[in-house]
Amino acid sequence: NYFYQDLDGNVWLGSTSDGCVRYRFVNNNFEIQVYETNNGAFSIPSNRVNDILQDSRKNTCILTSEGISLLNNKGETRQVLNEVGKKSFLKAFEQHNKVYFVTSYGAVYYYHLDQQRFGKPIHVQITQIIQSTPLGNNFLMFASSNEGVTLLDTRNHQVSRVFGFNLDYSGL
């Protein structure tokens, strides 16, 4: 399960099977909004929620196992990127006026905040990403269990392999 507090103080609870819920405290009362598949203006591509991010412009992104939902300022789904049949969207990061969406299968999608559109996916030379993290303000780092570590320079979208290794968890 996943917990996130956005810039407005709302608390989001994400689930691996039941979508997510936003809790908003207004006038001494909790307002609850459920996001799940087939929920009208509050639908998301899958009920398996992996990450939630509110960017610096207060756009909220819900990353699921089958796509991304971008929400408008009323909390309604305004744009969806579906990747049915692909693997999960894992994590979102904001750098250089773009939000980067990391997939488990080695593609990174990005959304231009100024232009309000998705750019072409970037392939980061790893076929199965298991971890990702920002490095400072200019790089994203990706790791796999058997293909090493790769860096993405978010200023120019250049990808470079840092080193290769093979992690063996069989003895644990």
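Residues numbered from 1 in each chain as written. Predicted model: local features only at pLDDT ≥ 70, side-chain atom pairs only at ≥ 80, totals over all residues. Heavy atoms only, no water.

Participant: I tried to follow the nonpolar core on my own but got confused; where do I start?
Facilitator: Most often, soluble globular proteins keep nonpolar side chains buried together rather than apart. Trp 12, Tyr 35, Ile 62, Ile 68 and Phe 101 are the most contacted members of the largest nonpolar core, which totals 27 residues. Taken together, the elements giving at least two residues each to this core come down to strand 1 (2-5), strand 5 (49-54), strand 6 (60-64), strand 7 (67-71), strand 9 (89-95), strand 10 (98-103) and strand 11 (107-112). The residues contacting Phe 101, other than those within four sequence positions of it, are Cys 61, Leu 63, Ile 68, Leu 70, Phe 89, Lys 91, Ala 92, Ala 107, Val 108, Tyr 109, Tyr 111 and Phe 118. Counting 12 residues, the second largest nonpolar core, distinct from the first, contains Tyr 110, Ile 126, Ile 129 and Phe 142. (Core = buried A, V, L, I, M, F, W, Y, C linked by side-chain atoms within 4.5 Å. Buried < 20%, exposed > 50% of the residue type's maximum accessible area, 1.4 Å probe, protein only. Helix = DSSP H or I, 4+ residues; strand = E, 2+ residues; numbered from the N terminus. Contact = heavy atoms within 4.5 Å.)

Participant: What exactly am I supposed to notice about the pairing of strand 8 (residues 77-82) here?
Facilitator: Note: strand 7 against strand 8, five bridges, orientation antiparallel. Bridged to Leu 70 within strand 8 is Gln 79. Where strand 7 folds back onto strand 8 in an antiparallel hairpin, the turn is made up of five residues, including Gly 75, whose phi is positive at roughly 85°. (Pairing = 2+ DSSP bridges.)

Participant: Explanation requested: the pattern of salt bridges in the structure shown.
Facilitator: Between side chains of opposite charge, a pair can form as their charged atoms come close. Under the counting rule described, the total for this entry stands at four salt bridges. A salt bridge links Lys 91 to Asp 51; the nearest nitrogen and oxygen atoms lie 3.6 Å apart. Within this pair, whereas Lys 91 is found in strand 9, its partner Asp 51 is found in strand 5, the two being separated by 40 residues in sequence. With a relative accessible area of 29%, Lys 91 lands in the partly exposed category. Its relative accessible area of 1% is what places Asp 51 among the buried residues. Measuring nitrogen to oxygen at the nearest pair gives 2.8 Å for the salt bridge that ties Asp 153 to Arg 155. (Salt bridge = Lys/Arg side-chain N within 4 Å of Asp/Glu carboxyl O.)

From the geometry alone we can't say anything about function, so treat these as descriptive.
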